[in-house]
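# Summary of structural features
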Amino acid sequence: MRRPAAARIAAVGVPAAFLALFFLYPLGAILERGLTQAGGLRFPGDVLFSHDTVEIAWFTVWQATVSTVLTVLAGMPLAWATARLRFRGGRLVRALVVVPFVLPTVVVATAFLALLPSRFDRGVVPILLAHVFFNVAVVVRVVGGYWARLDPRLWDAAAILGASPLRRFRELTLPALRPALAAAAALTFLFCFTSFGVVVILGGPTRLTLEAAIYDAATAAFDLRTAAALAILQLVAVAAIVAVSSRLEARAGLVAPLAAEETSSRRPSRRERLGLGAALGGSALLIGAPLVALVRSSLDTPNGAGLAFYRALGHDTPSLLVAPWHAVLNSLGYAAVATAIALVTGGLAAAVIAHRPAGWLDVAVMLPLGASAVMLGYGFVIGFDTAPLDLRGSLWIVPVAQSLVCAPFVVRLLAPALRAVDPRLREAAATLGASSSRIRREIDLPLALRPLGIAAGLAFAIALGEFGATVFLARSDHPTLPVAIFRFLSRPGAENQGTAAALCVVLMAVTATAVLTAERLAARRGAL
Amino acid sequence: MPMLRVEGVSVSFVGTPALTDASVEIGTGETLALLGPSGCGKTTLLRVIAGLQTPTRGRVMLDERDLGGLAPHLRHVGLMFQDNVLFPHRDVAGNVAFGLRMEGRPRREIERRVKELLELVGLPDAGHRAVQTLSGGEQQRVALARALAPEPAALLLDEPLGALDGPLRERLLDDLRALFDRLGLTVLYVTHDVGEAFELGHRVAVMKSGRIVQAGTPDELWAHPADAWTARFLGMRNIETANGRPIVVRPEAVRVSPGSGARVVSVERRGAVVWLRIRSDEGRELDVATTSIDHPRPGTSVAYEIDPRGIVELDN
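Each value, and the rule that gives it
Residues numbered from 1 in each chain as written. Chains lettered and ligands numbered in written order. Predicted model: local features only at pLDDT ≥ 70, side-chain atom pairs only at ≥ 80, totals over all residues. Helix = DSSP H or I, 4+ residues; strand = E, 2+ residues; numbered from the N terminus. Buried ≥ 20, exposed ≤ 12 C-beta atoms within 10 Å, placed from the backbone. Contact = placed C-beta atoms within 7 Å. Domains from an automatic or database assignment. Nonpolar A, V, L, I, M, F, W, Y, C, P; charged D, E, K, R; others polar. Pairing = 2+ DSSP bridges. Axes fitted to C-alpha atoms, helices over the stretch in contact; angles between N-to-C directions.

For chain A, the helix and strand inventory stands at 24 helices and four strands. The C-alpha extent of chain A, read off along each of the three principal axes, is 65 × 60 × 50 Å. A burial count over chain A gives 49% of its 528 residues as buried. Partitioning the contacts of chain A with sequence separation of at least 6, the portion at a separation of at least 24 is 82%.

Put into structure tokens, the structure is as follows:
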């Protein structure tokens, strides 16, 4: 079925043009800044092979590796429980476990500041803990989802052939889950490798990842060439990780022997109930404790428990050019615009990709996911600083950058949903007299409404929490919530810390509301 | 002495009984076919024997040993599923070797035994093939080899031919019967197919709604079905009432000849046997099984008589 040429050109052209202007162009600016000096080409070997850079790169790889191992270990019990056991509240657990993943990085970092005793609250340990907190959802969803689709009778068969529980785990569970484990680990590694908010807040001055070092070089040291060189290093590393992880993910999609949904989970036995309790309790502690500590510290005023920090959000403060509550409005506005842009560009790209997977557009829209947010922000700063593309000071620059961060997620959600539409539905519509544009409107769009709603909610949440790019671009008279929180945190005093905590609670509430509303609406709309 | 004995086993799921007071015995080297419609609890009984399901009541004895509380991997029974459930991450030989490795047998012996079993199931050269590349019938053969490899004390099969069709099914059925006899296996064969049960089972146990309603040799069952439901399930439709009691007229006991008194309604040939449906002038309808070379056409008028030995009284 061929669509009219104009529609096809628009569907490919809009996202392509958007990416070229707002992604490739800033990227080019970084390359130019990093690879030239005094008008000539020059490889930045002095920066890349310096003692500092090697140390930063080593720490980046080390913390990402350790975080990944810890995350997999922490996520496996819950992956097992949600995949294999049927218990009351199972669906709720599956939904709740995603919450940490959509929480803004500054919120999580602040929560761990509040949780850990001040002796440990900066350094490696809190960074690792925060990374586990974020990415446990990845392991539970990716591994658990794969696990749930494996035929449970494989384990029966192994048991009957004489395999003890331990041997079943070693001989069957691990090998059978290997593709999913690899995919989840690669994704977690990527997120930890490019982690920024957590590292700048919890790392202290000496613990720098590449991402944080780029920010440092660009903003504190004003060493634009070093920042660009580090960004190029980051780009190469991330591209390699993305390549590996997308290959692993494709493998995880390989169909293993599938079981019908309802047969794969069953009521737990007595011993399994113990395991279930431990898995749920441990996860609740890991996820709940920091959030509880955050809320408590937002209420813990110098004059006892109270709402003083929340009341202070309405008043002017020396730490910010505007009263903190403006940041709430700014964030909502920016996120709404970013979501709209991401839905249009991502949606069009998804429509194209759904029918032509693994094409160049597929790779292109995923690139911003790999290119880190800090790199994107820095690229905007140095790319759009001269006429005719002088966007410094334009309010639009923030949602545009945020939409680039959101769009890959939109595509990831929408493309499989569109692909999953039974082609015979379209054929049936065609034989009933529907033109191809009519089929899009009557078949594809209604069936995509539910994933579209979920994508909108996720995009909104990501835009709300976006920090790495926004911190470069938000004007100081128009801060977003994460930027405002960061400003408060970087100033001393209980007052500032408390206000940061209160803002975090607000941001958390807004994010949760956005995601839940979208899911709710989507569930109602999608009930065809 | 029975090799496998199931005594008064009951299972209920959340209050709903799935199995009620089921008892069966299988002698050494005997094949028992467990026959019943889907959802009657036959798979549940098999899972209880394998240790995959804990019974609410009753016990399972294997070779005079109470299996109660024993985990599946310690029971030494073999199980073959309806759709093979081969390990996707191991090749054919790896699947067959699995149980032997669990027993810690030496590598040499495992290799020899795997080779032996693959020959036995007619796949001598398939050892290094990936299980996904096999056809459905070949996969079932591998599953059988895998179940047999550790020489289980009893072999349980859960509708092993259910996913196969036509000639393939026939051929595998023949192979299974030959194999059971040759190896002297103690077998519990679960199926919903009367033909399969009668062909394979030395004895057949009929199940209905979680209860075993009758057990006996195929001949016994056919000659004296316990009740109208069983008779109907076995494929007999001539169920009538005589003197206030239900009876069944075995279709092979009705003989037709040229004449009058009834009319042929329909004719259906199933292999060597021709099934006639006749309606008498009084409106009595009967199934007739004949093996004649020549048979009347639909609509012809016939006379019929019934061999009194073929009239069986049923329980209420």
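A count of helices and strands for chain B gives eight helices and 17 strands. Seen along its three principal axes, the alpha-carbon backbone of chain B occupies a region of about 75 × 45 × 35 Å. By the burial criterion, 40% of the 316 residues in chain B qualify as buried. In chain B, 64% of the contacts between residues at least 6 apart in sequence involve partners at least 24 apart.

With that settled, the discussion passes to the domain arrangement of chain A. Reports often express the size of an interface as the amount of accessible area lost when the parts come together. Residue and element names in this part refer to chain A. For chain A, the domain assignment lists domain 1 (1–33 + 307–528) and domain 2 (63–295). Centre-to-centre, using C-alpha coordinates, domain 1 lies 23 Å away from domain 2. Across the boundary between the two partners, domain 1 contributes 30 residues, which contact 31 residues of domain 2. The set of elements that each furnish at least two residues to the side of domain 1 that touches domain 2 consists of helix 1 (5–35), helix 18 (373–383), helix 21 (436–465), helix 23 (481–489) and helix 24 (494–526). The element best represented in the side of domain 1 that touches domain 2 is helix 24, accounting for nine residues. Of the residues in the side of domain 1 that touches domain 2, the class split is 24 nonpolar, five polar and one charged.

This part covers the sheet that holds strand 3 (residues 31–35) of chain B. All names here are of chain B. Here we have six strands laid out as an open sheet, ordered 6-7-8-3-9-10, and mixed in their pairing. The strands lining the two open edges of the sheet, one partner per strand, are strand 6 (77–80) and strand 10 (211–216). Strand-to-strand, the axes of this sheet are offset by a mean angle of 20°, without reference to chain direction. Bridge count for strand 7 (residues 154–158) against strand 8 (residues 187–191) is four bridges, and the pairing is parallel. By the bridge assignment for strand 8, Leu156 is matched with Leu188. The sheet contacts of helix 4 (residues 136–148) involve strand 6 and strand 7, and relative to strand 6 the element is tilted by about 170°.

Right, let's talk about the domain arrangement of chain B for a bit. Residue and element names in this part refer to chain B. In terms of domain boundaries, chain B breaks down into domain 1 (2–228) and domain 2 (237–313). On a C-alpha basis, the centres of domain 1 and domain 2 stand 38 Å from each other. With four residues of domain 1 at the contact, the number on the domain 2 side is four residues. Broken down by class, the residue content of the side of domain 1 that touches domain 2 amounts to three nonpolar, one polar and no charged.

Further remarks concern the environment of Trp80 of chain A. Residue and element names in this part refer to chain A. Its place among the elements puts Trp80 in helix 3 (residues 51–84). For the pair Trp80 and Val143, spaced 63 residues apart in sequence, the C-alpha to C-alpha distance is 8.4 Å. Those residues in contact with Trp80, other than ones at most four positions away along the chain, are Trp147 and Ala279.

This brings us to the pairing of strand 13 (residues 254–270) of chain B. Residues and elements named next belong to chain B. As paired strands, strand 13 and strand 16 (residues 301–306) are joined by seven bridges and run antiparallel to one another. Each bridged residue has a counterpart across the sheet, and for Val254 the counterpart in strand 16 is Ile306. Pairing of strand 13 with strand 14 (residues 273–280), which is carried by eight bridges, proceeds in the antiparallel orientation. Counted as the bridge partner of Val264 is Ile278 from strand 14. A loop of two residues connects strand 13 with strand 14, the two strands running antiparallel in sequence, and Gly271 in this loop sits at a positive phi of about 65°.

Okay, the sheet that holds strand 13 of chain B next. Residues and elements named next belong to chain B. The antiparallel open sheet is built from four strands, whose spatial order is 15-14-13-16. Looking at which strands have only one partner, the edges of the open sheet turn out to be strand 15 (285–290) and strand 16. Going from strand to strand, the sheet's axes swing by 55° on average, the running direction of each strand aside. Both strand 14 and strand 15 contribute to a ladder of six bridges, which runs antiparallel. Bridge assignment links Leu276 to a residue of strand 15, and that residue is Val288.

It is worth spelling out the interface of chain A and chain B at this point. Each side of the interface is counted separately: chain A has 18 residues, and chain B has 17 residues. Among the elements of the structure, helix 8 (153–160) and helix 9 (165–193) of chain A are those that each provide at least two residues to the side of chain A that touches chain B. Per element, the largest residue contribution to the side of chain A that touches chain B is seven residues, and it comes from helix 8 of chain A. In terms of residue class, the side of chain A that touches chain B is built from twelve nonpolar, two polar and four charged.

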